Amino acid sequence: MLKQQTYIMSAACFSSAIPLNLAYLRAGVRLRNIEMKKCYLPAAIALLMTSPVVFSQSDPIIVTPTRTAQTVDETLASVTVITREEIEEQQASSVQDLLSAVPGISIVNSGGAGKSSSVFIRGTNSGHVLVLIDGAKVGSATLGTTPFQHIPVEQIEYIEIVRGPRSSLYGSEAIGGVIQIFTRKGGGETTPYFSMGAGSDDTFSTSAGVSGGGENSWFSIGTSSLQTNGFNSCPNCSPIDPDDDGYSNKSASLRAGYRFDSGLDLEISLLQSNNETITDGWSADELESEQRVLGSILRYAPGENWQISLQTARSNDDSDSFLNGVYSSTFNTERTTTSLQNDFSIARRHLLTIGIDNQDDEIASDTTYTETSRNNKSVFIQYQGKVSTHDLQIAVRKDDNEQFGSENTGSI
């Protein structure tokens, strides 16, 4: 039975009743039985866009809707959280399986395992869904979409899905919504895990890893593989392509961090998958691809009411196509992002966020493009506050795109 938690809220509050405690949040431990009277929203700003917090099922912490920490029932956005426990209960074999049960999301698959999948949120275009992995933007700079079919489920800790526009915080890719995937974080006692499975069409899957850490550290290392010979999905196609449409996926992940005595947090993360997909087609019947995202984040509190987060990341989406074993084409894209975010607690229950984003996209292909590189610089400001019984969120963003010029986006 699916026990996925779905939260759709029309109002929010972040008052003194928020069960957050800075020491617990920064340690990334489960939040339970925390005395409410001693904790306020300003404490939550220690957790920024890629917070390492591990939440309890009863009161999960989310960071995607506002790029700051909130509990699910406080956000003004429509949010769904899929936890690791729910992933295992569903025995989901792909990210598409997980997302297909989320309200407001439609999935279109072009075939079986490893075949292209498109995700639509609330009827918007598939290119209007921003996908983040541990806070880093991922996806193809040529297609404008993310290869969900190659993201290994075994490496995921939890997923946050925000339905509705977030462009005033994240830019034009977030017109329909944001999907943020967090990889396994680790922490606590050293704990290994292992699983394996088998099925028809010579299908085999394995996953293994270990996680742990100490009082001021955390780590998780994992690997997984999926191999299936598939079946001939188009026996009557013209021209006839009688081969089985198989798929192979080999992936690995690493996430580790350390908290220094000065209060400085440093974390690095890596997720990579190497894939081979057999298809039926006129121009290509085999696709070899590699997806990789490498990121780091630095968090520091210069003062009691000021938190800084600096994140850098590089994501690659590379693919080579073949027809009857002969090379056909190459599409390699690289996206480098840097984000600096400042959170100021200007008063009790009033939070001001000021940040800048920089994004560089580059293309390497044997196909001719008018532009092979593009830069986008942006600045955003957000205010969150509670006045009497009312909650208010205002955000403004300005993007300066090298190819398309300057645009402003706002939301209230």
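Data block above holds the structure.
Residues numbered from 1 in each chain as written. Predicted model: local features only at pLDDT ≥ 70, side-chain atom pairs only at ≥ 80, totals over all residues. Heavy atoms only, no water.

A. Inspection of the overall build of the protein chain at higher detail. Across its full length, the protein chain holds five helices and 22 strands. Within the protein chain, the proportion of its 412 residues that are buried is 49%. Split by element, the accessible area of the protein chain, about 18700 Å² in all, is 55% carbon and sulfur. (Helix = DSSP H or I, 4+ residues; strand = E, 2+ residues; numbered from the N terminus. Buried < 20%, exposed > 50% of the residue type's maximum accessible area, 1.4 Å probe, protein only. Areas by Shrake-Rupley, 256 points an atom, 1.4 Å probe, with all protein chains shown as cover.)

B. Layout of the pattern of salt bridges. The tally for this structure, following the rule as stated, stands at 13 salt bridges. Of the charged contacts in the structure, one is a salt bridge between Arg-292 and Glu-290, with a shortest N-O distance of 2.5 Å. One salt bridge in this structure joins Glu-334 and Arg-314, with 3.9 Å as the shortest N-O distance. In this pair, Glu-334 sits in strand S18 (residues 326–347) while Arg-314 sits in strand S17 (residues 306–323), placing the two residues 20 residues apart along the sequence. Accessibility expressed as a relative area gives 24% for Glu-334, which makes it partly exposed. Accessibility expressed as a relative area gives 43% for Arg-314, which makes it partly exposed. It is possible to trace a salt-bridge network through shared partners that takes in Arg-67, Asp-357, Arg-397 and Asp-399. (Salt bridge = Lys/Arg side-chain N within 4 Å of Asp/Glu carboxyl O.)

C. Focus on unusual backbone geometry. The backbone phi angle of Asp-134 is positive, close to 55°, even though this residue is not glycine. Judged by relative accessible area, which is 7%, Asp-134 ranks as buried.

D. Representation of the sheet that holds strand S12 (residues 203–212) in the model. Reading across from one edge, S11-S12-S13-S14-S15-S16-S17-S18-S19-S20-S21-S22 is the order of the 12 strands in this open sheet, with antiparallel pairing throughout. Looking along the sheet, the strands with just one partner apiece sit at the ends: strand S11 (191–199) and strand S22 (405–411). Here the average twist between neighbouring strands, direction ignored, is 10°. Strand direction decides the pairing type here: strand S21 (residues 390–401) and S22, joined by seven bridges, are antiparallel. Pairing of Arg-397 across the sheet is with Thr-409, part of S22. (Pairing = 2+ DSSP bridges. Axes fitted to C-alpha atoms, helices over the stretch in contact; angles between N-to-C directions.)

E. The pairing of strand S6 (residues 117–121), seen in detail. Burial of the side chains of S6 is restricted to one face: Ser-117, Val-119 and Ile-121 are buried, whereas none of Ser-118 and Phe-120 on the reverse face is. Note that strand S5 (residues 105–109) and S6 share five bridges and pair antiparallel. Pairing of Ile-105 across the sheet is with Ile-121, part of S6.

F. A look at the side chain of Glu-160. Following the sequence through the fold, Glu-160 ends up in strand S9 (residues 156–163). Although Glu-160 lies buried, it forms no salt bridge, and the closest oppositely charged side chain, Arg-255, sits 9.8 Å away as judged by the N-O distance. There is a polar contact of 3.3 Å between the side chain of Glu-160 and the backbone nitrogen of Val-63. Within the structure, Glu-160 has its side chain in polar contact with the side chain of Thr-64 (distance 2.4 Å). Setting aside its immediate chain neighbours within four residues, Glu-160 contacts Ile-61, Ile-62, Val-63, Thr-64, Pro-65, Thr-80, Val-178, Ile-179, Gln-180 and Phe-182. (Lys, Arg positive; Asp, Glu negative; His and termini not counted. Polar contact = N/O pair within 3.5 Å; in protein donor to acceptor, adjacent residues only side chain to side chain. Contact = heavy atoms within 4.5 Å.)

G. Structural context of the environment of Val-379. Within the element layout of this structure, Val-379 appears in strand S20 (residues 373–387). It is 9.0 Å that separates the C-alpha atoms of Val-379 and Leu-169, two residues lying 210 residues apart in sequence. Non-local contacts of Val-379, meaning those with residues more than four positions away in its chain, are made with Gly-355, Ile-356, Val-396, Arg-397 and Lys-398.

H. Region of the structure containing the nonpolar core. Counting 26 residues, the largest nonpolar core has Leu-99, Phe-148, Ile-159, Ile-161 and Ile-179 as the members making the most contacts within it. Sorting the residues of this core by element identifies helix H4 (95–99), S6, strand S7 (129–133), S9 and strand S10 (177–183) as the ones contributing at least two each. Those residues in contact with Phe-148 that lie beyond four places of it in its chain are Val-95, Gln-96, Leu-99, Ser-117, Val-119, Val-131 and Ile-179. (Core = buried A, V, L, I, M, F, W, Y, C linked by side-chain atoms within 4.5 Å.)

I. A nonpolar patch on the surface, seen in detail. Among the surface-exposed residues, Tyr-258, Phe-260, Leu-266, Leu-298, Leu-310, Leu-340, Ile-356 and Val-379 lie close enough to one another that they form a single nonpolar patch of about 610 Å² accessible area. Among the secondary structure elements, Leu-266 is positioned in strand S15 (residues 265–278). According to the relative accessible area criterion, Leu-266 is partly exposed, its value standing at 38%. (Patch = residues over 30% accessible without salt bridge, like charges linked within 9 Å, V, L, I, M, F, W, Y side chains within 5 Å.)

J. Region of the structure containing the environment of Tyr-300. Structurally, Tyr-300 is set in strand S16 (residues 286–303). Sequence spacing of Tyr-300 and Leu-266 is 34 residues, and the spatial spacing of their C-alpha atoms is 9.0 Å. Sequence-distant contacts of Tyr-300, defined by excluding residues within four places in its chain, comprise Ser-262, Gly-263, Leu-264, Trp-306, Gln-307 and Ile-308.

K. Up close: the pairing of S7. Here S7 lies mainly inside the structure; five of its five residues are buried. For S7 and S10, the ladder comprises five bridges, and the chain directions are parallel. When the sheet's bridge partners are listed, Ile-133 is paired in S10 with Ile-181. Bridge analysis of S7 against strand S8 (residues 136–137) gives two bridges, and the strand direction is antiparallel. Following the sheet pairing, Leu-132 is matched in S8 by Lys-137. In this structure, the hairpin formed by S7 and S8 is closed by a connection of two residues, where Asp-134 is found at a positive phi of approximately 55°.

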